[in-house]
Amino acid sequence: MILPYFVILPLLAAFLITLLAGKKDDWAITLAFMALISLLVLSIFGFVTMHEETVVYSMSGWDAPIGICLVQDALSLFMLVMINLIALTSLCFSIQYIRHLSQDWKYYALFMLLIAGMNGVVVTGDLFNLYVFMEIALISAFALVAYGCRAEEYEASFKYAVMGGLSSSIILIGIAFTYSATSSLTLARIAEVLPTVDPRLVLWIGALFLAGFGLKAASMPFHAWLPDAHSSAPAPISSMLSGVLIKALGVYVLFRLFFNVFGAPAIFMQLLLVLGALSIVLGVFLAIGQWDLKRLLAYHSISQIGYILLGMGLATPLGILGAVFHLLNHALFKSLLFYNAGAVEMVLGTRNLRKMGKLAKLLPVTSGTSMVASLSISGIPPFNGFFSKLIIIIAAIQAGHPIFAFWAVLGSLLTLASFMKVQRYGFYGEIEHKTPIMMPGNLVRFAMLTLAVLCVLSSLMVLPGIRELTLDPVVDVILNKTGYIRMVCGRAL
Amino acid sequence: MILYVLCFALFLVGVYGLLTKRDLIKIILSTAIMGYAANLFLVLFGYRHDATFPILTEANAGQPMVDPLPQALVLTSIVIELGITALLVALAIRLYQKYATFDITKMRSLKG
């Protein structure tokens, strides 16, 4: 039974780092690498051998309605592979980047706690347990955003922590309502009881959860904290936050709650459609005027999350397929773009696009991979972003929402425009740079190249044979509410 | 019913403070108030009228008991809020060292 180890391994690594590492951060790096490589191997092994079945692990032998259960199905394994893959590349990138900030093992301990929290959110089958893991991930994220110890980092972290506190309180009240309505905290049990509950109460619970987890996913009216937090954090942490944290804590939980537990009620699907379209258009409009590269990327995260919410709100199999596919693609190309921004920052000491310039000769790997990532995010074939956006747009038209499809196309065009600006000023500009502060090392280049290759390879996932193995089981899990209840409660009831 | 309304009012007091106050310490207090309101909600939902404490003894055998689970949840969530509040206070101290003020309108390095 490998399921609890997704939480145990990173927690153990975090504690061992604080206990053993002392003043030597080589130990911390070795421990973090060992933990993350084993996590990645375990999650890929789990995904390959799952055969579309759900595994339920009851903690300390207490069965589902009484004890806490961990649930492993295609959706959670998909998220685990994504989290641990991005985390491993982020660790590769961190080593040089963090050394030039400070020589410190505390970073790696916090990093492992972040992974533990996210993995926990993804594998748990219990609502309150999910809340606790979410707080573990968030508290370490607040600390990591403030890691650079400059004034604006403290400011961003404070803002992030206050918004996080607000959303956590809303979620906690939602959990209290849910418990009083259903007398249970196990997600599958809640899903079973909820149809018998007064529909007005279900509306309240849904609204509280939509507001709480919408804040975590930074969809449009709740987005204010994201650009500050994601642009002020160290680059590998920005990529973790933008690439996976908002998805593991926001989008994944929305999928789980609104599909597996609530059974896709129409009113919330409408709300998700509107929120998604708003996020796409307003996010990209705010992004296009930015000159700080990381801030521009952070606004694009809001816009790309909008695509995922739009696909989710369509609630058709094709829409969900697009949303799940875009979830993975966004994690790949947005992390890569943040690594590029971090590498440029290491070399030139600036994130301002006006001060960059001719970097294509100086940094061939960085500018090459940034080109791949820019083409992916703006939806140019044959890169992965094209296929997922195309699927979402086709699904919107099929579901009879041509207006939302139009907004999605418009958002994609504006994304292309803003990344042409990044390439024009950032990597092919006029300013010559002769004296780099430092050059990106092998591991940094390895992290960027890996993600660039994956950006191209993951577009193969639309081919029917591969799609049936990877994306289709995830879509089945999301749309099959009764299947989820039966699998989780099957043994216990 | 009146208790639930008052509890919700307490939550709104926290949200109001969060949105309108400019002092870092008052903002931290507002987040704490929101947390208390959420905890109070949980305990209220577990409360049963005329029920005893949820420990089975000879004295209260057979009588209705209050629901013990929300109390356990509240203990957990109090610990989490303690952690968040400590982090916020630490950040406020560091911000004071950088800006020599607790006024949030005077901290303007992030805009847009």
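Residues numbered from 1 in each chain as written. Chains lettered and ligands numbered in written order. Predicted model: local features only at pLDDT ≥ 70, side-chain atom pairs only at ≥ 80, totals over all residues. Heavy atoms only, no water.

Our next topic: the overall build of chain A. Along chain A, the regular secondary structure elements total 19 helices and 2 strands. The C-alpha radius of gyration of chain A comes to 21 Å, within 12% of the 23 Å expected for a compact globule of 493 residues. For chain A, the proportion of its 493 residues judged to be buried stands at 65%. The long-range share in chain A, meaning contacts at least 24 apart out of those at least 6 apart in sequence, stands at 82%. Total accessible area on chain A is roughly 16,200 Å²; 70% of this is exposed by carbon and sulfur atoms. Looking at charge distribution, chain A has the averaged site of its 28 positive side-chain charges lying 8 Å from that of its 22 negative ones. (Helix = DSSP H or I, 4+ residues; strand = E, 2+ residues; numbered from the N terminus. Rg over C-alpha atoms; globule rule 2.2 N^0.38 Å. Buried < 20%, exposed > 50% of the residue type's maximum accessible area, 1.4 Å probe, protein only. Contact = heavy atoms within 4.5 Å. Areas by Shrake-Rupley, 256 points an atom, 1.4 Å probe, with all protein chains shown as cover. Lys, Arg positive; Asp, Glu negative; His and termini not counted. Charge placed at Lys NZ, Arg CZ, Asp CG, Glu CD.)

The next subject is the interface of chain B and chain A. The interface is formed by 37 residues belonging to chain B together with 35 residues belonging to chain A. In this assembly, chain B packs against chain A so that about 3,100 Å² is buried in total across both faces, 79% of it on carbon and sulfur atoms. Applying the counting rule to chain B against chain A returns 0 salt bridges. Applying the counting rule to chain B against chain A returns 4 residue pairs in polar contact (both at pLDDT 80 or more). Listing elements by their share of the side of chain B that touches chain A, those giving two or more residues are helix 1 (2-20), helix 2 (24-46) and helix 3 (68-99) of chain B. In the side of chain B that touches chain A, the residues fall into 24 nonpolar, 7 polar and 6 charged. (Buried area = accessible area lost by both parts, 1.4 Å probe. Salt bridge = Lys/Arg side-chain N within 4 Å of Asp/Glu carboxyl O. Polar contact = N/O pair within 3.5 Å; in protein donor to acceptor, adjacent residues only side chain to side chain. Nonpolar A, V, L, I, M, F, W, Y, C, P; charged D, E, K, R; others polar.)

Bringing the pairing of strand 1 (residues 55-58) of chain A into the picture now. Residues and elements named next belong to chain A. Burial along strand 1 is one-sided: Val56 and Ser58 are buried, and none of Val55 and Tyr57, which face the opposite way, are. Relative to strand 2 (residues 69-72), strand 1 runs antiparallel, the two being bridged by 4 bridges. Bridge pairing links Tyr57 to Leu70 in strand 2. (Pairing = 2+ DSSP bridges.)

Let us now look at the domain arrangement of chain A. Residue and element names in this part refer to chain A. Under the domain assignment used here, chain A contains domain 1 (1-263 + 482-493) and domain 2 (290-462). Each of domain 1 and domain 2 has a C-alpha centre, and the two are 24 Å apart. On the domain 2 side, the residues contacting the 38 residues of domain 1 number 39 residues. Summed over the three residues of domain 1 that lose the most area to domain 2, namely Phe93, Gln96 and Phe255, the buried surface amounts to 18% of that side. Joining domain 1 to domain 2, the criterion identifies 1 salt bridge. The residue Asp228 makes a salt bridge to Arg295 at a minimum N-O spacing of 3.0 Å. At the boundary of domain 1 and domain 2, one finds 11 residue pairs in polar contact (both at pLDDT 80 or more). Counting only elements with at least two residues in the side of domain 1 that touches domain 2, the list comes to helix 3 (74-101), helix 9 (226-232) and helix 10 (235-261). (Domains from an automatic or database assignment.)

This part takes up unusual backbone geometry. All names here are of chain A. Geometrically, the link from Pro381 to Pro382 is a cis peptide bond, its omega value of 5° lying close to zero. Mapped onto the elements, Pro382 comes out in the loop between helix 14 (364-377) and helix 15 (384-398). Not every positive phi belongs to a glycine, and Cys149 is a case in point at roughly 60°. For Cys149, the location among the structural elements is in the loop between helix 5 (127-145) and helix 6 (151-182). Relative accessible area serves as the criterion here: at 37%, Cys149 is assigned to the partly exposed category.

In this section: the nonpolar core. Residue and element names in this part refer to chain A. Residues Ile17, Phe111, Tyr160, Phe255 and Leu257 are the most contacted members of the largest nonpolar core, which totals 212 residues. Of all the elements, helix 13 (residues 317-348) adds the most residues to this core, at 20 residues. Lining this core are residues from two domains, each supplying at least three of them: domain 1 (1-263 + 482-493) and domain 2 (290-462). Setting aside chain neighbours within four positions, we find Phe111 in contact with Leu36, Ala87, Ser90, Leu91, Leu144, Ile237 and Met240. Grouped together as the second largest cluster of nonpolar side chains are 14 residues, Ile280, Leu314, Ile393 and Ala408 included. (Core = buried A, V, L, I, M, F, W, Y, C linked by side-chain atoms within 4.5 Å.)

Quick look at the packing of helix 5 of chain A against helix 10 of chain A now. All names here are of chain A. Following both chains from N to C, one finds helix 5 and helix 10 inclined at 165°, their axes separated by 12 Å at the closest point. Overall, the two elements helix 5 and helix 10 adopt an arrangement that is roughly antiparallel. For helix 5 against helix 10, the interelement crossing comes out left-handed. Contacts between helix 5 and helix 10 involve Leu127, Leu130, Met134, Ala137, Leu138, Ala141, Leu144 and Val145 from the former and Ile237, Leu241, Leu245, Leu249, Val253 and Leu257 from the latter. Split into classes, the residues belonging to the contact of helix 5 with helix 10 amount to 14 nonpolar, no polar and no charged. (Axes fitted to C-alpha atoms, helices over the stretch in contact; angles between N-to-C directions. Parallel < 35°, antiparallel > 145°, perpendicular 65-115°, else oblique. Left-handed = near helix turned anticlockwise from the far one by under 90°.)

This brings us to the side chain of Asn260 of chain A. All names here are of chain A. On the secondary structure map, Asn260 appears in helix 10. A polar contact is formed between the side chain of Asn260 and the backbone oxygen of Ile478, at a distance of 3.3 Å. Discounting chain neighbours no more than four positions away, the residues touching Asn260 are Ala191, Phe255, Val477, Ile478, Asn480, Lys481 and Tyr484.

In this model helix 13 of chain A runs 46 Å from its N-terminal to its C-terminal C-alpha over 32 residues, within 8% of the 46 Å that 1.5 Å per residue would give. At the exit of helix 13 of chain A stands Gly349 of chain A, carrying a positive phi of roughly 75°. (Expected span 1.5 Å × (residues − 1).)

The subject of this paragraph is the packing of aromatic side chains. Throughout the structure, instances matching the rule amount to 23 aromatic pairs over all chains. Ring centres of Phe8 of chain B and Phe11 of chain B lie 6.4 Å apart, and the angle between their planes is 25°; this geometry places the pair in the stacked category. Residue Phe8 of chain B and its partner Phe11 of chain B are located together in helix 1, separated by 3 residues, close to a single helical turn. Among the aromatic side chains, those forming a connected cluster through ring pairs are Phe177 and Trp204 of chain A together with Tyr4, Phe41 and Phe45 of chain B. When the ring centre of Trp291 of chain A is taken as origin, the NZ or CZ atom of Lys421 of chain A, which lies over that ring, is 4.3 Å away. (Phe/Tyr/Trp six-rings, centres within 6.5 Å; stacked < 30°, edge-to-face > 60°. Lys NZ or Arg CZ within 6 Å of the ring centre and 35° of its normal.)

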